[in-house]
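In case you want the letters, here they are:
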Amino acid sequence: MLRSAGDDHDAWNHDHPASDISDEQGGSRMRESSPLESIKIEVYPISDPPESFGNEPWQREVRAFRGEMIYDNGRLPQFRLENGEFSDADEHDCHAYHILGRLRSTGKLIASARLAPVELLSPSRVMAMDEAVAMRLLRSEGLRRSDVLEGARWIVDPRHRGRSIGKLLVVTGNVLARHLRRKMIWVGAITAAGQDATLRRFGFREASPEEHVLPGVGDLVRLLACRPEELLRHHPVLTAQITPIVTDALARVRLPGRPQGEDAPAGTFSPQGEDAPAGASGSQGGGVSKALTDNTSVFQE
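Residues numbered from 1 in each chain as written. Predicted model: local features only at pLDDT ≥ 70, side-chain atom pairs only at ≥ 80, totals over all residues. Heavy atoms only, no water.

Okay, the nonpolar core next. Counting residues in each nonpolar core, the largest one holds 42 residues, and the members touching the most others are Ile185, Phe204 and Ile242. The dominant element in this core, judged by the number of residues it contributes, is helix H4 (residues 165-179), at 8 residues. Counting residues in each nonpolar core, the second largest holds 19 residues, with Met129, Ala134, Ala207 and Ala225 among its members. (Core = buried A, V, L, I, M, F, W, Y, C linked by side-chain atoms within 4.5 Å. Buried < 20%, exposed > 50% of the residue type's maximum accessible area, 1.4 Å probe, protein only. Helix = DSSP H or I, 4+ residues; strand = E, 2+ residues; numbered from the N terminus.)

Written out as structure tokens, the structure reads:
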């Protein structure tokens, strides 16, 4: 079951050390104005077909952005190519929804995150790190894998931290999960620099007190999870501001195999067979159309 954050830690993250959303360190001291005044949110659905990810300009841009951030001035040199360019070409990108944050003034990409339906991942990184804990969590919450999104690659450019952008990514991700009718988001939250504590402050809880070594990187992570409906109740103003952005994005998604006008509720998947309760593997299909962006006006908080 989800452990109530003993409040020595509380947060959520990604699967890379530089994926840093710990920009909320000012806590209640942060100014009250909405981050949406200066940040434009873009929501992109799962690539259709999945193997096409990387063909569109925004996809190459987000991989280059993540690669540069994760490279971290040479700490992880594998994210810099021989030609000097940066790249984070991860296999889970093609099965995920992507959230991008840009400066409204210039259009510069300064933040990103992704959320993937767990049943589409082979394997889920959380399941790979601690399958026993993940399955125990599903059973205790009465959920299937198809009820869960896996969060990863939560990155804020360090030059723009301290502006509530991390909170913006987290709330947007949970609004997206709610609209997709997903009942949980789980992540492997890196403990370095208090990233897990930041996510828990936003409303995530520990799935286990144990720490795990992140494969291929070596940083310690703690498995965290949240129920979107519960988390969003703690952020009512920002939730109200972000909901129209996500609603508009998902309203433009047409599910594969369905004629226009006969879609299931916006953004949901059409299972080929409902997966069995926790412990059995599920099978679902999903796909999308074009990039979906937020063209709404600046919100005031």
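Attention now moves to the pairing of strand S3 (residues 109-117). Of all the 9 residues making up S3, 9 are buried; the element is thus mostly covered by neighbouring parts of the structure. Where strand S2 (residues 97-103) lies against S3, 6 bridges are found, and the strand directions are antiparallel. Opposite tyrosine 97, over in S3, you have leucine 115 as the bridge partner. Hairpin connection from S2 to S3: 5 residues lie between these consecutive antiparallel strands, with glycine 107 at a positive phi of about 85 degrees. (Pairing = 2+ DSSP bridges.)

A word on unusual backbone geometry. The linkage connecting aspartate 48 with the following residue, proline 49, adopts the cis geometry, with an omega of 0 degrees. Mapping proline 49 onto the fold places it in the loop between strand S1 (39-44) and helix H1 (57-71). A cis amide bond links serine 122 to the next residue, proline 123, at an omega of 0 degrees. By secondary structure assignment, the location of proline 123 is in the loop between S3 and helix H2 (125-129).

What follows covers the side chain of arginine 114. Along the chain, arginine 114 turns up in strand S3. Side chain to side chain, arginine 114 and aspartate 93 meet in a polar contact 2.8 Å long. (Polar contact = N/O pair within 3.5 Å; in protein donor to acceptor, adjacent residues only side chain to side chain.)

Between its terminal C-alpha atoms H1 stretches 21 Å, which fits the 21 Å expected from 15 residues at 1.5 Å a residue. Residues of H1 that are buried include every one of Trp58, Gln59, Val62, Arg63, Phe65, Arg66, Gly67, Met69, Ile70 and Tyr71, and no others. As for H1, its buried residues are in contact with S1, S2, S3 and strand S4 (148-156). Once H1 ends, the next one or two residues include aspartate 72, with phi positive near 55 degrees. (Expected span 1.5 Å × (residues − 1). Contact = heavy atoms within 4.5 Å.)

Working note: regular strand, side chains alternate between the two faces of the sheet. When you tally the buried positions in S4, you get 9 out of 9 residues, the bulk of the element. With 3 bridges joining them, S4 and strand S5 (residues 184-190) adopt parallel strand pairing. Residue pairing for S5: leucine 149 is matched across the bridge by isoleucine 185. As a crossover connection, the stretch from S4 through H4 into S5 is right-handed. (Right-handed = clockwise from strand over helix to strand, strands pointing away.)

Next up on the list: the packing of aromatic side chains. Evaluated as defined, the whole model comprises 3 aromatic pairs. Ring geometry for phenylalanine 53 and tryptophan 58: centres 5.6 Å apart, planes at 90 degrees, overall edge-to-face. Relative to phenylalanine 86, the ring of tyrosine 71 lies with its centre 5.1 Å away and its plane at 55 degrees, an arrangement referred to as tilted. With tyrosine 71 in helix H1 and phenylalanine 86 in the loop between H1 and S2, the pair connects residues that are 15 residues apart, well separated along the chain. Taken together, Tyr44, Phe53 and Trp58 form an aromatic cluster joined through their ring pairs. (Phe/Tyr/Trp six-rings, centres within 6.5 Å; stacked < 30°, edge-to-face > 60°.)

On to the environment of serine 208. Within the secondary structure, serine 208 is located in strand S6 (residues 205-213). Sequence separation of serine 208 and leucine 224 is 16 residues, and the distance between their C-alpha atoms is 7.5 Å.

What follows is about the pattern of salt bridges. Under the definition given, this model contains 19 salt bridges. A salt bridge links arginine 102 to glutamate 42; its shortest N-O distance comes to 2.8 Å. Placement of the pair is arginine 102 in strand S2 and glutamate 42 in strand S1, with a sequence separation of 60 residues. Like glutamate 42, arginine 102 is buried. Of the charged contacts in the structure, one is a salt bridge between arginine 159 and aspartate 157, with a shortest N-O distance of 2.7 Å. (Salt bridge = Lys/Arg side-chain N within 4 Å of Asp/Glu carboxyl O.)

With that settled, consider helix H3 (residues 131-141). Taken residue by residue, H3 has Val133, Ala134, Met135, Leu137 and Leu138 as its buried positions. Check the buried side of H3 and you find it contacts H2, S4, S5, S6 and strand S7 (220-226). Just downstream of H3 lies glycine 142, where phi reads positive at about 70 degrees.

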